[in-house]
Amino acid sequence: MATVRLDRLHKEFRSIGGAVHALRDLTLDIADGEFVSLVGPSGCGKSTALRIIAGLETPTSGRVLFDGQDITGLEPRDRNIAMVFQSYALYPHMSVRQNLEYGLRKRGVPREERERKVAAIGAMLQITPLFDRRPRQLSGGQRQRVALGRALIRDPAVFLLDEPLSNLDAKLRVHMRAELAALHQKVRTTMIYVTHDQLEAMTLSDRIIVMNHGVMQQVGTPEEVYSRPANRFVAEFIGTPSMNMIEGTLRPEGGRLLFSAPGITVPVPPAAARQGTTGQATLGIRPEDISLVPPGTPGAIPAQVTVSELAGAERFHFIALNGHSVIVRTPAATVLHPGETVALGLDPERLHLFSGAGEDAAAIR
Amino acid sequence: MASDTPQGAVRTFEDGAVRERAGAARTLASTLLDRHLGIILLLPSALTFLVLLVFPLAYGIYTSFFERHVLDPEGTWVGLGNYVWLFTNPNFWHSLLISTFWAGATVGLQIVLGTAVALLLHQSFQGRSLVRGLVLFPYMMPVVSVILVWMLLYNALYGVINYVLVQTGIVSRPIAWLSQPDSAFWSVVFVGVWKYFPFVVVIVLARLQVIPQDLYEAARIDGAGPIARFFDITLPQLRDVLLVVALLRTIFMFNNFEIVFLLTGGGPLRATMTLPILVYEQAFGVYELGRGSAIAVVMFFILIAVMSVYFAFLRKEND
Ligand SMILES: Nc1ncnc2c1ncn2[C@@H]1O[C@H](COP(=O)(O)OP(=O)(O)OP(=O)(O)O)[C@@H](O)[C@H]1O
Ligand SMILES: [Mg+2]
């Protein structure tokens, strides 16, 4: 068990083609026993951050501290970490048992203790019947469990997982996600989890770190990142289908601040208006925060249905709104037909406003 | 499932017969094609195989039952006479021993040297591609040029090796590398290793490049140092490819003729007289074609035996 502190981590990969800034100025404190997820699109530097914590990569500058101790220069084996790789990286020529005990063996753990620990891990992850098999004789889910076991067996202070579920099929992924959550409840080790699947991050984590282009965009509980995204990138990245974005301008009118785009004018909530930002802005609203209202309701916005998709218990309606396209989420029972005219109501409490139009447009609150 | 296909085929054929009775006559040629299409398609390659592989082999075995030489080009049947001569001839046993040592030493050293060089070339350093190309040089050089170069290097009077050894005071007098039994064998082995180790380098290097990097990273996290990583990851990953290379090189080196023959002709005092050179000596030196063939046949069966042991071993491993 350990706290982890990342102190202004910076990583640059230099090659003949030029330099890639994989990480910029990453500073983060992770509490003992906390489960944090690093999420972000492909290439945003998640794995790089994890590999620096593991000691597989050296940062260009910055420090990694475990329990307040600087371990930036230590070899992976001296850091008391364990890692689960996306490919599992099980040793192909060793049996499951040998895979599990390899780390203990290399650390000179005596035989009886090794056997005891292997038996305990086998029972915990229900892989005892597989002990004499080779990795290639296992299914994806079984491999995944062995990889977890190999990491857990050493009782690491910090547990690093790099997209451990991404090679599994959808159903198994949901199952293993639940198992991982249960596992964390049981062992209470600090876990740092990399994924590009925001649903995994939302369901598993105490806190989520959203990254883009090597830069940390927001840190917060799943609830915070979902309902109070710090900028337009986070707003669009978290949530499926992603948040609707309408670009327009903010202007004062009659003592109030109004957001307006072609065909849409909405009053800005007082808290946000108090900041006094004007000019170019983006309005964000989640698909579930748009409602279908009876025509003629004050403030309703007329629009036309383009397509409706049934997604099991709910329906996603693609709706054209004066040149913008928004997605509205309703229960499956709400049936709309292409071409139909509807009236949309926006919940003013649930509007998100961003100053500007770029990815990094900050939220106005 | 697999048994469905032939039955289905038979049924189709019967259907054809029924239709024939109904008046739709089918030519004999198309019936033949239907029934024997597979065989017909295989025939060209089967025949080529027969002519190019089986015939020379069978003819070699056949010849080994005759006494044939310049005075008797037609040959006289001697049955197993050539084999009796062979197995009672100390020169044959001597050559078998030399051949075994030659194949064992060259293959063993090629694999060790080849693997070591491949591991070096797998590291990243400046000018790696250039060095990778240069390493292939001995393998691409024609044997005759290789021999000429090494004859010059080994030469007792003006060879570079002796010059360096004498100049640096390691030896006081030049060594006649190729004309003393002990040094001749190892000098020849050295050239055999030098010429063919790049083959091992190429294959091992190709295998090294596809070993997943994360295995090494997992091992690093598990606490394995560089040496443990070599024995626990690299070597087990190379194992299969090394076994195949060992088999291929053994067959090749056991049959290799030109390197030894051109360097020493089998001498001095038969110290490098491998079986292929013995075959040559019998067949073209003293024109005993039957005896030469008999030796070649024995060599063939020795290799068959080696391969059987090898494949039996592999099968046991895979279970
Ligand atoms: N060894 C390397 N050499 C050069 N560039 C690298 C290296 N490793 C990573 N990069 C670059 O650094 C950036 C971040 O890579 P990283 O692997 O951390 O992304 P990621 O967020 O894990 O993406 P993914 O979700 O696809 O795994 C990428 O632009 C990548 O191309
Ligand atoms: Mg990654």
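This is a predicted model, so every value here is computed, not measured.

Caption draft 1: Layout of the overall build of chain B. Each helix and strand in chain B was counted, giving 14 helices and two strands. Computed over C-alpha atoms, the radius of gyration of chain B comes to 28 Å, more than 25% over the 20 Å expected from 2.2 N^0.38 for 319 residues, which places it beyond the range of a compact globule. Summarising its shape, the C-alpha atoms of chain B cover approximately 100 × 75 × 35 Å along the three principal directions. Looking at chain B as a whole, 36% of its 319 residues qualify as buried. Taking as baseline every contact in chain B between residues at least 6 positions apart, the subset at least 24 positions apart corresponds to 64%. Approximately 18,600 Å² of chain B is accessible, and the part contributed by carbon and sulfur atoms is 71%.

Caption draft 2: Summary view of the overall build of chain A. When helices and strands are counted, chain A shows nine helices and 21 strands. Classification of the 365 residues of chain A by burial places 49% in the buried group. Surface accessibility of chain A: about 16,400 Å² in total, with carbon and sulfur atoms responsible for 50%. Side chains of chain A give 41 positive and 38 negative charges; the mean places of these two sets differ by 6 Å.

Caption draft 3: Summary view of helix 2 (residues 28-63) of chain B. The first and last C-alpha atoms of helix 2 of chain B sit only 43 Å apart over 36 residues, clearly below the 52 Å expected at 1.5 Å per residue. At His 36 of chain B, helix 2 of chain B shows its maximal kink, close to 80°.

Caption draft 4: Structural view of the packing of helix 2 (residues 96-106) of chain A against helix 3 (residues 111-125) of chain A. All names here are of chain A. Running from N to C, helix 2 and helix 3 cross one another at 135°; their axes reach a closest spacing of 10 Å. Our classification of the angle between helix 2 and helix 3 gives oblique. Judged by the sense of rotation from one axis to the other, the crossing of helix 2 with helix 3 is right-handed. For the pair helix 2 and helix 3, contact is made by Arg 97, Leu 100, Glu 101, Leu 104 and Arg 105 and by Arg 114, Lys 117, Val 118 and Ile 121, respectively. Taken together, the residues of the contact of helix 2 with helix 3 break down into four nonpolar, no polar and five charged.

Caption draft 5: Looking closely at the domain arrangement of chain B. Per the domain assignment, the segments of chain B are domain 1 (2-54) and domain 2 (82-318). Here the C-alpha centre of domain 2 of chain B lies 49 Å away from the C-alpha centre of domain 1 of chain B.

Caption draft 6: Spatial organisation of the domain arrangement of chain A. Residues and elements named next belong to chain A. On domain assignment, one finds that chain A holds domain 1 (4-237) and domain 2 (244-355). In this structure, domain 1 and domain 2 have C-alpha centres spaced 39 Å apart. On the domain 2 side, the residues contacting the eight residues of domain 1 number seven residues. Summing both partners gives a buried area of about 680 Å² for domain 1 against domain 2, and 52% of it is carried by carbon and sulfur. When the buried surface of domain 1 facing domain 2 is broken down by residue, Tyr 226, Arg 232 and Ala 235 rank first, second and third, together holding 71% of it.

Caption draft 7: Spatial organisation of the nonpolar core. Residues Val 158, Leu 160 and Ile 192 of chain A together with Ile 259 of chain B are the most contacted members of the largest nonpolar core, which totals 98 residues. The element that contributes the greatest number of residues to this core is helix 9 (residues 181-209) of chain B, accounting for twelve residues.

Caption draft 8: Quick look at the site of ligand 1. Residue and element names in this part refer to chain A. By nearness alone, every residue bordering ligand 1 is listed as Phe 13, Val 20, Ala 22, Ser 42, Gly 43, Cys 44, Gly 45, Lys 46, Ser 47, Thr 48, Glu 163 and His 196. Here an oxygen atom of ligand 1 sits 3.2 Å away from a polar atom, N or O, in the main chain of Cys 44. A distance of 3.0 Å separates an oxygen atom of ligand 1 from a polar backbone atom of Gly 45. Contact with the protein chains hides 60% of the accessible area of ligand 1, taken as 630 Å² for the molecule alone. Those elements that place two or more of their residues in the shell around ligand 1 are strand 2 (18-30) and helix 1 (46-54). Considering every element that reaches the shell around ligand 1, the biggest residue donor is helix 1, with three residues. Its residues placed into classes, the shell around ligand 1 shows four nonpolar, six polar and two charged.

Caption draft 9: Geometry of helix 10 (residues 213-222) of chain B. With eight of ten residues buried, helix 10 of chain B is to be regarded as a mostly interior element. Listed in full, the buried residues belonging to helix 10 of chain B are Asp 214, Leu 215, Tyr 216, Glu 217, Ala 218, Ala 219, Ile 221 and Asp 222 of chain B. As for helix 10 of chain B, its buried residues are in contact with helix 1, strand 6 (81-84), helix 2 and helix 4 (140-152) of chain A together with helix 11 (226-255) of chain B. Gly 223 of chain B sits one or two positions beyond helix 10 of chain B and adopts a positive phi of about 100°.

Caption draft 10: Examining the packing of aromatic side chains more closely. Residue and element names in this part refer to chain B. Tallied over the entire structure, the rule returns 27 aromatic pairs over all chains. Here the aromatic rings of Tyr 196 and Phe 252 are separated by 4.9 Å at their centres, their planes lie at 65°, and the arrangement is edge-to-face. Here the residue Tyr 196 occupies a position in helix 9, and Phe 252 occupies one in helix 11, the gap between them amounting to 56 residues. Judged by its relative accessible area of 5%, Tyr 196 falls in the buried class.

Caption draft 11: Up close: the pattern of salt bridges. All names here are of chain A. Following the criterion strictly, the structure yields 23 salt bridges over all chains and no others. In this structure, Arg 105 engages Glu 101 in a salt bridge whose closest nitrogen and oxygen atoms are separated by 2.7 Å. Linking Arg 105 with Glu 101, this pair stays in helix 2, spanning four residues, or about one helical turn. Where Asp 347 meets Arg 350, a salt bridge forms, and the shortest distance between an N and an O atom there is 3.9 Å. Its relative accessible area of 44% is what places Arg 350 among the partly exposed residues. It is possible to trace a salt-bridge network through shared partners that takes in Asp 7, Arg 8 and Arg 63.

Caption draft 12: Quick peek at the interface of chain B and chain A. Contact residues are listed per partner, giving 16 residues for chain B and 24 residues for chain A. Buried surface at the junction of chain B and chain A, both sides included, amounts to about 1,700 Å², of which 53% is carbon and sulfur. Counting the surface chain B buries against chain A, the share from its top three residues, Arg 220, Ile 221 and Asp 222 of chain B, is 42%. At the junction of chain B with chain A, the criterion picks out four salt bridges.

Basis of the calculations
Residues numbered from 1 in each chain as written. Chains lettered and ligands numbered in written order. Predicted model: local features only at pLDDT ≥ 70, side-chain atom pairs only at ≥ 80, totals over all residues. Heavy atoms only, no water. Helix = DSSP H or I, 4+ residues; strand = E, 2+ residues; numbered from the N terminus. Rg over C-alpha atoms; globule rule 2.2 N^0.38 Å. Buried < 20%, exposed > 50% of the residue type's maximum accessible area, 1.4 Å probe, protein only. Contact = heavy atoms within 4.5 Å. Areas by Shrake-Rupley, 256 points an atom, 1.4 Å probe, with all protein chains shown as cover. Lys, Arg positive; Asp, Glu negative; His and termini not counted. Charge placed at Lys NZ, Arg CZ, Asp CG, Glu CD. Expected span 1.5 Å × (residues − 1). Bend = angle between axes of the 7 residues up to and from the residue. Axes fitted to C-alpha atoms, helices over the stretch in contact; angles between N-to-C directions. Parallel < 35°, antiparallel > 145°, perpendicular 65-115°, else oblique. Left-handed = near helix turned anticlockwise from the far one by under 90°. Nonpolar A, V, L, I, M, F, W, Y, C, P; charged D, E, K, R; others polar. Domains from an automatic or database assignment. Buried area = accessible area lost by both parts, 1.4 Å probe. Core = buried A, V, L, I, M, F, W, Y, C linked by side-chain atoms within 4.5 Å. Near = heavy atom within 4 Å. Polar contact = N/O pair within 3.5 Å; in protein donor to acceptor, adjacent residues only side chain to side chain. Phe/Tyr/Trp six-rings, centres within 6.5 Å; stacked < 30°, edge-to-face > 60°. Salt bridge = Lys/Arg side-chain N within 4 Å of Asp/Glu carboxyl O.

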